[in-house]
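For reference, the chains in residue letters:
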Amino acid sequence: MADHNFAYDLTLDEVRRRSAVMAALGDDWDPVAVLAEEELAYDMLYSNLDDEQQRIYDELVEAGILPDRAMRPVVD
């Protein structure tokens, strides 16, 4: 039985996919603002934790599962 080796060049499809994503995002998409809003959402998510939640959060940070938010740079 013969082996068949195939090679596909997906470059054109990747360019089409990326173009479709950028078109869907629109002209008013601001990646810096999106990242700032995401940071704010994480700040809200991890604020006001009770003692047990804080303990679990600290364990997850120590295990490397969650990033240490105290070590992130401050962005104005």
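Residues numbered from 1 in each chain as written. Predicted model: local features only at pLDDT ≥ 70, side-chain atom pairs only at ≥ 80, totals over all residues. Heavy atoms only, no water.

Trainee: Mind laying out the overall build of the chain, listing which residues take part and the relevant values?
Mentor: Each helix and strand in the chain was counted, giving 3 helices and 0 strands. Written out in order from the N terminus, the α and β elements of the chain read α-α-α. Rg of the C-alpha trace for the chain: 21 Å, well past the compact-globule value of 11 Å for 76 residues, more than 25% over. In terms of its C-alpha atoms, the chain occupies a principal-axis envelope of roughly 65 × 45 × 20 Å. Burial analysis of the chain (76 residues in total) assigns 4% to the buried set. Accessible surface, the chain: about 7,300 Å² in total, of which carbon and sulfur atoms supply 59%. (Helix = DSSP H or I, 4+ residues; strand = E, 2+ residues; numbered from the N terminus. Rg over C-alpha atoms; globule rule 2.2 N^0.38 Å. Buried < 20%, exposed > 50% of the residue type's maximum accessible area, 1.4 Å probe, protein only. Areas by Shrake-Rupley, 256 points an atom, 1.4 Å probe, with all protein chains shown as cover.)

Trainee: How would you sum up the pattern of salt bridges? Please name residues and give values.
Mentor: Applying the stated criterion across every chain, the model contains 7 salt bridges. We note a salt bridge from E14 to R18, for which the minimum N-O separation is 2.8 Å. Here E14 pairs with R18, and both are found in helix α1 (residues 11-25), just 4 residues apart, close to one helical turn. Among the residues examined, R18 registers a relative accessible area of 52% and is labelled exposed. Two residues, R55 and E59, come together in a salt bridge whose shortest N-O distance is 2.5 Å. Of this pair, R55 and E59 both sit in helix α3 (residues 51-62), 4 residues apart, which is roughly one turn of the helix. According to the relative accessible area criterion, R55 is partly exposed, its value standing at 37%. Within this structure, E14, R17 and R18 form a network of salt bridges that share partners. (Salt bridge = Lys/Arg side-chain N within 4 Å of Asp/Glu carboxyl O.)

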